[in-house]
There are 2 protein chains.
Amino acid sequence: MSSRDVPAPVIRRLTIYLRALMFLVDEGQEIISSEELGNKLGISSAQIRKDLSYFGEFGKQGTGYEIRHLREQLKRILKVDREWGIALVGAGDLGHAIVHYEGFKNRGFYIAAIFDKDPQKIGRKIRGLEVLDSRLLPKVVKEMGLKVAIVAVPANEAQKAVDTLVASGIKAILNYAPITLNVPAGVQIRCIDPVTRLQNMTYYL
Amino acid sequence: MSSRDVPAPVIRRLTIYLRALMFLVDEGQEIISSEELGNKLGISSAQIRKDLSYFGEFGKQGTGYEIRHLREQLKRILKVDREWGIALVGAGDLGHAIVHYEGFKNRGFYIAAIFDKDPQKIGRKIRGLEVLDSRLLPKVVKEMGLKVAIVAVPANEAQKAVDTLVASGIKAILNYAPITLNVPAGVQIRCIDPVTRLQNMTYYL
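Parameters and conventions
- Residues numbered from 1 in each chain as written.
- Chains lettered and ligands numbered in written order.
- Predicted model: local features only at pLDDT ≥ 70, side-chain atom pairs only at ≥ 80, totals over all residues.
- Heavy atoms only, no water.
- Helix = DSSP H or I, 4+ residues; strand = E, 2+ residues; numbered from the N terminus.
- Buried < 20%, exposed > 50% of the residue type's maximum accessible area, 1.4 Å probe, protein only.
- Areas by Shrake-Rupley, 256 points an atom, 1.4 Å probe, with all protein chains shown as cover.
- Lys, Arg positive; Asp, Glu negative; His and termini not counted.
- Charge placed at Lys NZ, Arg CZ, Asp CG, Glu CD.
- Pairing = 2+ DSSP bridges.
- Salt bridge = Lys/Arg side-chain N within 4 Å of Asp/Glu carboxyl O.
- Contact = heavy atoms within 4.5 Å.
- Buried area = accessible area lost by both parts, 1.4 Å probe.
- Polar contact = N/O pair within 3.5 Å; in protein donor to acceptor, adjacent residues only side chain to side chain.
- Least-squares fit on C-alpha atoms with pLDDT ≥ 70 in both.
- pLDDT = per-residue confidence, 0-100.
- Phe/Tyr/Trp six-rings, centres within 6.5 Å; stacked < 30°, edge-to-face > 60°.
- Lys NZ or Arg CZ within 6 Å of the ring centre and 35° of its normal.
- Expected span 1.5 Å × (residues − 1).
- Core = buried A, V, L, I, M, F, W, Y, C linked by side-chain atoms within 4.5 Å.
- Axes fitted to C-alpha atoms, helices over the stretch in contact; angles between N-to-C directions.
- Parallel < 35°, antiparallel > 145°, perpendicular 65-115°, else oblique.
- Nonpolar A, V, L, I, M, F, W, Y, C, P; charged D, E, K, R; others polar.

**Q** It is not clear to me how the overall build of chain A should be interpreted in this structure. Could you clarify?
**A** Of the regular secondary structure elements, chain A holds eight helices and 10 strands. Once the C-alpha set of chain A is aligned to its principal axes, its extents read approximately 60 × 40 × 35 Å. Relative to its full complement of 205 residues, chain A shows a buried share of 49%. Only carbon and sulfur atoms are counted for the fraction: they give 49% of the accessible area of chain A, which is about 10,000 Å². Charged side chains in chain A number 29 positive and 22 negative. The centres of these two groups are separated by 3 Å.

**Q** Can you help me understand the sheet that holds strand β2 (residues 59-60) of chain B in this one?
**A** Working definition: the strands of a sheet are paired by backbone hydrogen bonds and lie parallel or antiparallel to each other. Residue and element names in this part refer to chain B. Ordered by their spatial adjacency, three strands build an open sheet running β1-β3-β2, and the pairing between neighbours is antiparallel. Looking at the sheet topology across the chains shown, the edges are occupied by β1 (31-32) and β2. Note that β1 and strand β3 (residues 64-66) share two bridges and pair antiparallel. Looking at β3, one finds that Ile32 is bridged to Tyr65.

**Q** How should I be thinking about the pattern of salt bridges in this particular structure?
**A** Residue and element names in this part refer to chain A. With the rule as written, the count across this model stands at 24 salt bridges over all chains. In this structure, Arg13 engages Asp51 in a salt bridge whose closest nitrogen and oxygen atoms are separated by 2.6 Å. Placement of the pair is Arg13 in helix α1 (residues 8-27) and Asp51 in helix α3 (residues 45-53), with a sequence separation of 38 residues. What makes Arg13 buried here is its relative accessible area of 14%. Residue classification places Asp51 among the buried residues on the basis of a relative accessible area of 1%. Notably, a salt bridge pairs Arg71 with Glu72, separated by 2.9 Å at the nearest N-O pair. Judged by its relative accessible area of 35%, Glu72 is partly exposed.

**Q** Got a minute to help me understand the interface of chain B and chain A in this structure?
**A** A common way to state how big an interface is: give the accessible area lost once the parts meet. Contact with chain B, which involves 56 residues of that partner, is made by 55 residues of chain A. The contact between chain B and chain A buries some 5,500 Å² in all, and 65% of this surface belongs to carbon and sulfur atoms. Across the contact surface, chain B and chain A share four salt bridges. Asp193(A) is paired through a salt bridge with Arg107(B); the nearest N and O atoms lie 2.8 Å apart. The tally of links between chain B and chain A comes to 16 residue pairs in polar contact (both at pLDDT 80 or more). Sorting the residues of the side of chain B that touches chain A by element identifies α1 (8-27), β4 (84-89), α5 (93-99), β9 (172-175), β10 (188-191) and α8 (194-202) of chain B as the ones contributing at least two each.

**Q** Help me out: how do you make sense of the sheet that holds strand β3 (residues 64-66) of chain A in this one?
**A** On the basis of which strands lie adjacent, the open sheet formed by three strands has the order β1-β3-β2 (chain A) and antiparallel pairing. With one partner strand each, in any of the chains shown, β1 (31-32) and β2 (59-60) of chain A form the two edges of the open sheet.

**Q** Sorry if this is basic, but what is going on with the relation of the copies chain B and chain A here?
**A** Relating one copy of the chain to the other requires a rotation about an axis plus a shift along that axis. Once chain B is rotated about the relating axis by 180° and shifted along it by 0.0 Å, it coincides with chain A to within an RMSD of 0.0 Å. Considering both components of the superposition, the chain copies are consistent with a two-fold axis. Considering only C-alpha atoms, the part of chain B nearest the rotation axis is Asp93(B), at 2.4 Å. When the interface residues of chain B are mapped onto chain A, 98% of them again fall at the interface, so both copies present the same face.

**Q** Whenever I open this one, the confidence of the model for chain A confuses me. Can you help?
**A** Segments scoring low in pLDDT should not have their predicted coordinates read at a detailed level. Overall, the prediction assigns chain A a mean pLDDT of 94, with 98% of residues at 70 or greater. Our summary of model confidence lists the complex with pTM equal to 0.93 and ipTM equal to 0.95.

**Q** Whenever I open this one, the packing of aromatic side chains confuses me. Can you help?
**A** Given two aromatic rings, one states the distance between the centres and the angle between the planes to describe the pair. Tallied over the entire structure, the rule returns eight aromatic pairs over all chains. Judged by centre distance (5.1 Å) and plane angle (70°), the ring pair of Tyr101(A) and Phe104(A) falls under edge-to-face. Phe104(A) sits in the buried class, given a relative accessible area of 4%. Three or more aromatic residues joined by ring pairs form one cluster here, namely Tyr54(A), Phe55(A), Tyr203(B) and Tyr204(B). The cationic tip of Lys79(A) hangs over the ring face of Tyr203(B); the distance from NZ or CZ to the ring centre is 5.7 Å.

**Q** What's the story with the environment of Ala152(B) in this structure? I'm lost.
**A** All names here are of chain B. Among the structural elements, Ala152 can be located in the loop between β8 (148-151) and α7 (155-167). When the C-alpha positions of Ala152 and Ala177 are compared, they lie 6.4 Å apart, and in sequence the two are 25 residues distant. Sequence-distant contacts of Ala152, that is, excluding residues within four places in its chain, are made with Leu88, Val89, Gly90, Leu94, Gly95 and Ile98.

**Q** What am I meant to see in the environment of Glu66(B) here?
**A** With respect to the secondary-structure elements, Glu66(B) resides in strand β3. If sequence neighbours within four positions are ignored, Glu66(B) has contacts with Glu30(B) and Ile31(B).

**Q** What exactly am I supposed to notice about α7(B) here?
**A** Because each turn of an α-helix spans 3.6 residues, side chains separated by three or four positions end up pointing in the same direction. Residues and elements named next belong to chain B. Between its terminal C-alpha atoms α7 stretches 19 Å, which fits the 18 Å expected from 13 residues at 1.5 Å a residue. Its buried side turned inward, α7 meets β4, α6 (137-144), β8, β9 and β10. Trailing α7 by a residue or two, Gly169 shows a phi angle of about 105°, which is positive.

**Q** Help me understand the nonpolar core, please; the structure alone is not making it clear to me.
**A** The tendency in soluble globular proteins is for nonpolar side chains to be buried as a group. Grouped together as the largest cluster of nonpolar side chains are 100 residues, with contacts concentrated most on Phe104(A) and Phe104(B). Residue contacts for Phe104(B): discarding those within four places in its chain leaves Pro194(A), Val195(A), Leu198(A), Ile86(B), Ile98(B), Phe109(B), Ile111(B) and Ile150(B).

**Q** Looking at this structure, I do not really get the packing of α1(A) against α3(A). What am I missing?
**A** Residues and elements named next belong to chain A. One way to put it is that α1 packs onto α3 with a least axis distance of 10 Å and a crossing angle of 110°. With respect to each other, α1 and α3 are oriented roughly perpendicular. Seen from α1, the contacting residues are Val10, Arg13, Leu14 and Tyr17; seen from α3, they are Gln47, Ile48, Asp51 and Leu52. A breakdown of the residues in the contact of α1 with α3 according to their chemical character gives five nonpolar, one polar and two charged.

Written out as structure tokens, the structure reads:
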């Protein structure tokens with residue numbers, strides 16, 4: 001089945017299932033039913049079974065899912081059975097926090113290169129990785145064959161950073177700046193927006 | 001209609017609609033059809049109409065939505081027609097980045113107090129706001145009547161921070177640490193997880 005045939009919300013939920021399964025493996029659990037997984041995530045078991053059915057048969061009626069197996073299958077489907085190097089643009093407070101973020105480990109990603117245009121930051125090391133001059137970005141991204149980037153620059157610099165990334169061959173961009181950015185067809189972009197997540201909670205207050 | 005009757009994905013989409021409407025107001029647009037809004041967001045117009053119908057009638061057949069009016073209604077529904085003070089726990093790189101984040105403005109939130117347990121950080125000012133000793137958190141949160149918090153501490157300190165926040169009266173927590181946290185019933189928690197967003201894109205690569 002081609003990527004285009006699977007609705008986007010299904011893919012979004014797969015990433016949530018994978019996160020939960022990794023946690024369950026850490027906890028030592030081996031088998032889980034769609035009901036139990038659904039209860040943990042606040043998603044119906046029917047939805048889980050339907051989402052997974054786009055990609056094949058992963059559980060047996062009455063016995064549930066073998067957690068490690070399902071985890072490996074989801075990693076394969078989401079293409080994180082490999083490690084993607086990330087080009088990080090912006091070496092300010094946020095860039096530092098991202099480089100030190102422990103959540104990338106074993107989940108398919110690592111910071112491969114850091115760029116900034118500030119001469120004060122260029123040449124400094126963050127966790128052993130030297131901050132490179134932004135002007136080197138096209139060359140380095142191409143040479144390293146990077147496809148994934150994170151934008152951690154101020155809002156007024158973000159579109160320019162994205163344009164450079166796209167021109168350099170980046171195909172997937174995670175944007176932390178509070179601004180809507182334009183990318184051409186064929187390039188994925190997602191935004192980390194803490195405010196929508198907060199609004200999602202205040203509704204219930 | 002009570003909060004419990006509206007499915008969670010509807011509320012999540014309302015926050016996306018609100019963000020888009022605020023952008024459209026900034027752009028100077030006054031009216032939008034559900035089709036045009038849907039095209040911008042990659043959501044079907046039928047879904048948008050259905051989501052909004054939980055809360056009343058906001059558009060007229062054939063003329064579309066009056067953008068400012070719908071924006072105000074969504075703000076009211078999501079309870080961001082007011083300003084929520086946020087208790088921020090953690091004054092490291094990430095805490096700094098959050099305090100300097102420009103995206104809270106006019107969207108219902110502001111950083112009201114910053115806490116850290118590190119004596120090196122206590123007493124310093126970030127954007128004019130003094131970093132307070134974490135031991136003061138229960139007292140300050142209660143006195144200020146704060147209900148919303150952001151956790152920006154390392155994973156191994158996050159559950160303890162959350163427990164203190166909950167005991168102090170916080171009802172909604174946005175967690176940046178890469179760990180699953182437990183909260184009692186009646187407390188909302190959401191996680192900023194850049195990895196699920198990245199995995200959401202690698203699927204398409």
